Amino acid sequence: MLQSSAIARELDGVSTDVLLQLFADRVVVLVTQLGKVGSLIEASMPSTMPLLPPPPPDPMAPNELPLPIPPPSLQLTPLLGGAPTEQIQTLHSLYASQIATLVWTLEEASAFEAERRPVVVGIALARAAQPSQSSELSAHDRSIFRGVMGMVRELLGKK
């Protein structure tokens with residue numbers, strides 16, 4: 001089984017591509033704003049561990065579909081590359097955790113997949129023009145994150 005789909009959008013002024021590639025033993029998701037693979041992180045979790053129930057919709061943002069919560073038993077393994085700073089590494093881990101949770105949640109909802117496959121996430125994000133000195137995500141980072149998760153959901157809906 002080898003299925004592939006891709007989508008490209010401009011998110012907060014930055015051209016962003018997301019590619020989804022399904023293999024028999026893994027799912028690969030590449031998120032790039034730089035035209036390259038970037039850092040590779042594998043997310044895995046035993047099939048016996050349940051996923052958390054989806055959160056209720058936010059009354060302050062009724063048009064926004066809430067993201068599933070990444071489970072505490074999720075394991076991240078860096079495969080290739082690395083982030084230049086600890087803050088960017090944390091951001092990459094957030095992307096990998098959330099993308100893997102989306103994949104597993106949507107696969108679990110379909111009766112086709114019996115086993116939870118590892119998800120390999122490639123992340124190559126453009127650096128912000130004004131790097132943040134705080135541990136908080138900037139409005140730009142939040143906008144890109146929400147946009148990428150929407151793109152991943154859209155691709156998963158096509159598979």
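Please read these numbers as outputs of a predicted model, since none were measured by experiment.

Visitor: What exactly am I supposed to notice about the overall build of the protein here?
Guide: For the protein, the helix and strand inventory stands at two helices and six strands. Taken from the N to the C terminus, the helices and strands of the protein come in the order β-β-β-β-β-α-β-α. Since a compact globule built from 159 residues should have a radius of gyration of about 15 Å, the 15 Å found for the protein is in line with a globular shape. Considered along the principal axes of its C-alpha atoms, the protein spans approximately 45 × 40 × 30 Å. Classification of the 159 residues of the protein by burial places 38% in the buried group.

Visitor: Just checking my understanding: could you explain the nonpolar core for this structure?
Guide: Generally speaking, soluble globular proteins have nonpolar side chains that are buried together. With 34 residues, the main nonpolar core has Val18, Val29, Tyr95, Ile99, Trp104 and Val148 as its most contacted residues. Only β1 (3-11), β2 (14-22), β3 (27-32), β4 (39-44), α1 (86-109), β6 (119-124) and α2 (139-158) provide two or more residues apiece to this core. Once residues lying within four places of it in the same chain are set aside, the contact partners of tyrosine 95 are Ile123, Leu125, Asp141, Ile144, Phe145, Val148 and Met149.

Visitor: For this particular structure, what's the right way to read the environment of methionine 151?
Guide: Relative to the elements of secondary structure, methionine 151 occurs in helix α2. Linking methionine 151 and arginine 9, residues 142 residues apart in sequence, is a C-alpha distance of 8.3 Å. Ignoring sequence-local partners within four residues, the contact set of methionine 151 consists of Ile7, Ala8, Arg9, Leu11, Thr16, Asp17 and Val18.

Visitor: Can you walk me through the packing of aromatic side chains in this structure?
Guide: For any pair of aromatic rings, the description consists of the separation of the ring centres together with the inter-plane angle of the planes. This model, assessed by the stated rule, comprises one aromatic pair. Taken together, a centroid distance of 5.1 Å and an interplanar angle of 80° make the contact between tyrosine 95 and phenylalanine 145 edge-to-face. Taken together, the positions of tyrosine 95 in helix α1 and phenylalanine 145 in helix α2 put the pair 50 residues apart, joining distant regions of the chain. Both residues of the pair, tyrosine 95 and phenylalanine 145, belong to the buried class. Positioned above the aromatic ring of tryptophan 104 is the side chain of arginine 116, whose terminal nitrogen or guanidinium carbon lies 6.0 Å from the ring centre.

Visitor: In this structure, what is going on with the pattern of salt bridges? I would like to understand it.
Guide: Side chains bearing opposite charge may pair, as long as their charged atoms lie close to each other. On inspection of all chains with the given rule, the structure shows four salt bridges. Ionic pairing is found between glutamate 154 and arginine 9, a salt bridge with its closest N-O pair at 2.6 Å. Of this pair, glutamate 154 sits in helix α2 while arginine 9 sits in strand β1, placing them 145 residues apart in sequence. Linking glutamate 107 and arginine 117 is a salt bridge whose minimum nitrogen-to-oxygen distance equals 2.3 Å. Placement of glutamate 107 in helix α1 and of arginine 117 in the loop between α1 and β6 is noted, with a sequence separation of 10 residues between them.

Visitor: Got a minute to help me understand the confidence of the model for the protein in this structure?
Guide: Segments scoring low in pLDDT should not have their predicted coordinates read at a detailed level. For the protein, mean pLDDT is 87; residues scoring 70 or higher make up 91% of the total. By mean pLDDT, the top-scoring element of the protein is β6 (97), and the lowest-scoring one is α2 (90).

Visitor: Could you clarify how one ought to interpret the sheet that holds β2 in this entry?
Guide: Working definition: the strands of a sheet are paired by backbone hydrogen bonds and lie parallel or antiparallel to each other. Spatial ordering of the open sheet is given by β1-β2-β3-β6-β4-β5, a layout of six strands whose pairing is mixed. Strand pairing shows two members of the sheet lacking a second neighbour, β1 and β5 (75-80), which therefore form its edges. For this sheet, the mean angle separating the axes of adjacent strands, direction not counted, is 20°. Against the sheet, α1 touches β3, β4, β5 and β6, its axis set at about 45° to β4.

Reading guide: rules and limits
Residues numbered from 1 in each chain as written. Predicted model: local features only at pLDDT ≥ 70, side-chain atom pairs only at ≥ 80, totals over all residues. Heavy atoms only, no water. Helix = DSSP H or I, 4+ residues; strand = E, 2+ residues; numbered from the N terminus. Rg over C-alpha atoms; globule rule 2.2 N^0.38 Å. Buried < 20%, exposed > 50% of the residue type's maximum accessible area, 1.4 Å probe, protein only. Core = buried A, V, L, I, M, F, W, Y, C linked by side-chain atoms within 4.5 Å. Contact = heavy atoms within 4.5 Å. Phe/Tyr/Trp six-rings, centres within 6.5 Å; stacked < 30°, edge-to-face > 60°. Lys NZ or Arg CZ within 6 Å of the ring centre and 35° of its normal. Salt bridge = Lys/Arg side-chain N within 4 Å of Asp/Glu carboxyl O. pLDDT = per-residue confidence, 0-100. Pairing = 2+ DSSP bridges. Axes fitted to C-alpha atoms, helices over the stretch in contact; angles between N-to-C directions.

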